[in-house]
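Inside the fold
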Amino acid sequence: MVLSKQNKVEGVKALQAKLGQYKVVAVAGVQNLPARHFNKMRKILRGHAEIVMMREALMRRALEEARPELKQLMDSFKGSCVLVLTNESPFQISKLLRKNKSRAFAKGGQIAPFDIIVPEGETNLPPGPALSELKAAGIDARIKGPKISVGKPSTVAKKGMPISSVVASVLIKLAIEPMEVGMKIRSAYDNGT
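Residues numbered from 1 in each chain as written. Predicted model: local features only at pLDDT ≥ 70, side-chain atom pairs only at ≥ 80, totals over all residues. Heavy atoms only, no water.

Turning next to the pattern of salt bridges. With the rule as written, the count across this model stands at six salt bridges. Of the charged contacts in the structure, one is a salt bridge between Glu 180 and Arg 103, with a shortest N-O distance of 3.9 Å. Highlighted residues: Glu 180 in strand β10 (residues 179–181) and Arg 103 in strand β4 (residues 102–104), separated in sequence by 77 residues. Where Lys 173 meets Glu 133, a salt bridge forms, and the shortest distance between an N and an O atom there is 2.4 Å. With a gap of 40 residues between them, Lys 173 in helix α6 (residues 165–173) and Glu 133 in helix α5 (residues 129–136) connect regions that are remote in the sequence. Judged by relative accessible area, which is 36%, Lys 173 ranks as partly exposed. (Salt bridge = Lys/Arg side-chain N within 4 Å of Asp/Glu carboxyl O. Helix = DSSP H or I, 4+ residues; strand = E, 2+ residues; numbered from the N terminus. Buried < 20%, exposed > 50% of the residue type's maximum accessible area, 1.4 Å probe, protein only.)

With that settled, consider the packing of α5 against α6. Packing of α5 against α6 brings their axes to within 9 Å, and their N-to-C directions diverge by 130 degrees. The angle between α5 and α6 places the two elements in the oblique class. At the point where α5 passes α6, the crossing takes the left-handed sense. For the pair α5 and α6, the contacting residues are Glu 133, Leu 134 and Ala 136 in the first and Val 166, Ser 169, Val 170 and Lys 173 in the second. Residues of the contact of α5 with α6, tallied by class, amount to four nonpolar, one polar and two charged. (Axes fitted to C-alpha atoms, helices over the stretch in contact; angles between N-to-C directions. Parallel < 35°, antiparallel > 145°, perpendicular 65-115°, else oblique. Left-handed = near helix turned anticlockwise from the far one by under 90°. Contact = heavy atoms within 4.5 Å. Nonpolar A, V, L, I, M, F, W, Y, C, P; charged D, E, K, R; others polar.)

Here we take up the sheet that holds strand β11 (residues 184–190). Strand pairing in a sheet relies on backbone hydrogen bonds, with the paired strands running either antiparallel or parallel. One open sheet holds the four strands; their spatial order is β2-β3-β1-β11, and the pairing between them is antiparallel. One side of each edge strand has no neighbouring strand; the edge strands of this open sheet are β2 (49–52) and β11. Across the sheet, the axes of successive neighbouring strands diverge by a mean angle of 25 degrees, strand direction being ignored. Bridge count for strand β1 (residues 24–29) against β11 is six bridges, and the pairing is antiparallel. Considered in β11, the bridge of Ala 28 is made with Ile 185. Running at roughly 165 degrees to β11, helix α4 (residues 90–99) makes contact with β1, β2, β3 (81–86) and β11 of the sheet. (Pairing = 2+ DSSP bridges.)

Among the residues making up helix α3 (residues 56–66), those that are buried are Leu 58, Met 59, Ala 62 and Leu 63. For α3, the angular spread of buried residues about the axis comes to 135 degrees, placing them on one side. Facing away from the buried surface of α3 by more than 90 degrees, the exposed residues are Ala 57 and Glu 65. In this structure, the buried residues of α3 make contact with α1 (5–19), β2 and β3. (Arc of directions from axis to C-beta.)

Once that is clear, we can look at unusual backbone geometry. Unlike most non-glycine residues, Ala 175 shows phi in positive territory, near 60 degrees. The topology assignment puts Ala 175 in the loop between α6 and β10. The exposed category is assigned to Ala 175, whose relative accessible area is 58%.

The structure is reproduced here in structure tokens:
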């Protein structure tokens, strides 16, 4: 979305006004956070904190001009991030965010957080092209009656290794959500600390 110069100026001024209303300003990472999860986190934080999402350059300008003491927070502006504004303890907000992480489907290229194992048993997939896809992902798949069945537990991704797009596609078909997503506080400023 292209913002006009006027929209940018108004956005910075609005953020500067908000910065004066809160004693705690935190930077939270939202890398790989799907929109539905982001909106869920917004609802959870309603009444506790306000989330501000805008372009990094505009956030930097607002912080520099409104509250120069917040300059160190800008070191945490790596990747996608938002500002979390609150008058509560940053530890309480961080705990709330950790407690409300969600599960999500893997995307090709993401790093496996643990060994991803497809369990043995019947799937909801009918015989057909899905059988070939499961086999391509290294899963011991067989036709058993009207469904595809997994013959033995199959490790499709090792911890710390990238998940291939074929494996990600198969995990979606099997409704396996191996990724944990949520906002994570990177740094916070609270009354001079």
